[in-house]
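Here is how the chains run, residue by residue.
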Amino acid sequence: MMINKCLFPVAGYGTRFLPATKSMPKEMLPIVNKPLVQYGVEEAIEAGMTTCAMVTGRGKRAIADHFDISYELEHQISGSGKEARLESIRSVLEKGVFTMVRQREMKGLGHAILTGQSLIGNEPFGVLLSDDLCINDGPGVLAQMAELYNQFRCSIVAIQEVPHDEVNKYGVIAGESLKDGIYRVDEMVEKPDPENAPSNLAIIGRYILTPDIFDIIRETAPGAHGEIQLTDALQTQARRGCVMAYKFKGRRFDCGSVPGFVEATNYVYEHFYRED
Ligand code: G1P
């Protein structure tokens with residue numbers, strides 16, 4: 001069974017990058033010459049999730065424009081040597097379909113996912129948080145997870161080991177290891193204090209969710225930071241049925257923080273950037 005849709009919660013403010021993000025969405029910040037959100041969209045399309053459902057907000061129009069034709073630009077550079085620079089975005093526009101809904105109030109990741117329900121409907125879907133840039137040889141993280149979904153048919157979260165004193169920045173899981181890198185989740189906590197954390201296995205911004213999550217989110221009370229947390233809804237889903245966690249293959253950069261953003265920039269410049 002194919003998963004065709006991926007949800008992109010892109011309504012957040014990006015205060016850590018002010019003033020750059022005052023009038024520009026944080027998802028449009030470039031890692032070298034490509035906006036963060038385009039890396040995410042390319043990963044989703046590669047995984048077969050060609051419908052990209054964006055949960056946007058006020059001040060995010062540049063994202064909608066990015067995933068549309070720019071007639072002026074096409075006219076200006078068509079036939080010139082500069083055309084090659086549009087190759088990656090043209091290929092994304094050829095393969096992808098972009099749907100959007102606005103999240104009117106910022107009430108947490110769970111609330112953003114629920115806002116996207118009308119774009120997803122009643123089918124399993126991917127979720128990609130574009131702050132987490134994942135780069136690897138071979139299939140991308142969402143493609144790896146889509147394959148696992150065919151085996152387990154339940155929600156899956158991507159995880160990574162992080163230093164113990166950093167667990168308070170993440171959702172953290174604990175569970176039984178079924179085989180190398182795959183866990184059946186029995187506990188999940190959003191942003192725990194390091195002394196109360198059940199492990200150092202942190203959730204990274206890639207999920208496959210089954211659509212029953214929408215009803216569960218609806219009955220989930222606000223949690224950490226007074227927000228409706230996806231992690232809390234997933235904990236309920238794990239208790240009632242099954243949620244898997246998957247230690248993905250690849251490297252992840254926390255582009256929601258300035259040091260992670262700089263690290264990603266240097267890495268992409270050294271490994272992928274080609275002057276033309
Ligand atoms: C969100 C999730 C958290 C997850 C993290 C990954 O937190 O709530 O569980 O570990 O993304 O980046 P945020 O970074 O939005 O605070």
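Along each chain, residue indices are assigned from 1 in the same order as the chain's sequence is written. With pLDDT at 70 or above as the cut-off, local features in this predicted model cover only qualifying residues; side-chain atom pairs require 80 or more to be listed or tallied, and sums for whole chains, interfaces and linings still use all residues. Note that water and hydrogens are dropped before the side-chain values are worked out from all heavy atoms of the structure.

Comments concerning the packing of aromatic side chains
Applied cut-off: For Phe, Tyr and Trp, rings pair up if their centres lie within 6.5 Å, where Trp contributes its six-membered ring, and each pair is then called stacked (planes under 30 degrees apart), edge-to-face (over 60) or tilted (otherwise). Buried means the residue's accessible area, taken with a 1.4 Å probe over protein chains only, is under 20% of the maximum for its type, while exposed means over 50%, and partly exposed covers the values in between. Whether a charge sits over a ring comes down to the Lys NZ or Arg CZ being within 6 Å of the ring centre and within 35 degrees of the ring normal.
Inspection of every chain in the model, using the stated rule, returns six aromatic pairs. Ring plane angle 55° and centroid distance 6.4 Å describe the contact between tyrosine 267 and phenylalanine 272, whose orientation is recorded as tilted. Assessed through its relative accessible area of 47%, phenylalanine 272 is described here as partly exposed. Seen in terms of ring centroids, tyrosine 269 and tyrosine 273 are 5.7 Å apart; in terms of plane orientation they differ by 25°. Their pairing is stacked. Judged by relative accessible area, tyrosine 273 falls into the partly exposed class, the value being 29%. Taken together, the ring pairs connect Phe253, Tyr267 and Phe272 into an aromatic cluster. The side chain of lysine 34 reaches across the aromatic face of tyrosine 39, ending 4.8 Å from its centre.

Looking at the site of the ligand
Note the cut-off: One heavy atom within 4 Å of a molecule or strand makes the whole residue count as near it. In the analysis that follows, any N or O atom pair within 3.5 Å is treated as a polar contact, provided that within protein one partner can donate a hydrogen and the other can accept it, and provided that, for residues neighboring in sequence, both atoms belong to side chains. The Shrake-Rupley method, run with a 1.4 Å probe sphere, supplies the accessible areas, and residue values consider only the shown protein chains as cover. In DSSP terms, a helix is any run of H or I states spanning at least four residues, a strand is any run of E spanning at least two, and both are numbered starting from the N terminus.
Around the ligand, the neighbouring residues are Leu109, Leu129, Asp132, Tyr170, Gly171, Glu190, Lys191, Ile203, Gly205, Tyr207, Gln229 and Thr231. A distance of 2.9 Å separates an oxygen atom of the ligand from a polar backbone atom of glycine 171. Measuring from an oxygen atom of the ligand, one finds a side-chain N or O atom of threonine 231 at 3.3 Å. Taking 380 Å² as the accessible area of the ligand by itself, protein coverage stands at 75%. Element by element, the count of residues in the shell around the ligand is highest for strand β11 (residues 201-209), at three residues.

Details of the pattern of salt bridges
Counted only if it meets this: Every case where a carboxyl oxygen of Asp or Glu lies within 4 Å of a side-chain nitrogen of Lys or Arg is listed as a salt bridge.
Under the defined criterion, the tally for this structure stands at 15 salt bridges. The shortest N-O distance in the salt bridge between glutamate 27 and lysine 60 comes to 2.8 Å. In this pair, glutamate 27 sits in the loop between β1 (5-9) and β2 (30-31) while lysine 60 sits in the loop between β4 (51-56) and α2 (61-66), placing the two residues 33 residues apart along the sequence. On the accessibility criterion, lysine 60 (6% relative accessible area) is buried.

So, unusual backbone geometry
Along the chain, leucine 18 connects to proline 19 via a cis peptide bond; the corresponding omega equals 5°. One can find proline 19 in the loop between β1 and β2. The phi dihedral of arginine 153 is positive, around 55°, even though this residue is not glycine. What makes arginine 153 partly exposed here is its relative accessible area of 44%.

Things to note about the pairing of strand β9 (residues 171-179)
In plain terms, the rule: When DSSP finds two or more bridges between two strands, those strands count as paired.
Two strands pair when backbone bridges link them, and β9 and strand β10 (residues 182-190) are joined in this way by eight bridges, in the antiparallel orientation. Residue lysine 179 lies in a different strand from β10, and its bridge partner there is isoleucine 182. Hairpin connection from β9 to β10: two residues lie between these consecutive antiparallel strands, with glycine 181 at a positive phi of about 80°. Direction of pairing for β9 relative to β11: antiparallel, over a ladder of two bridges.

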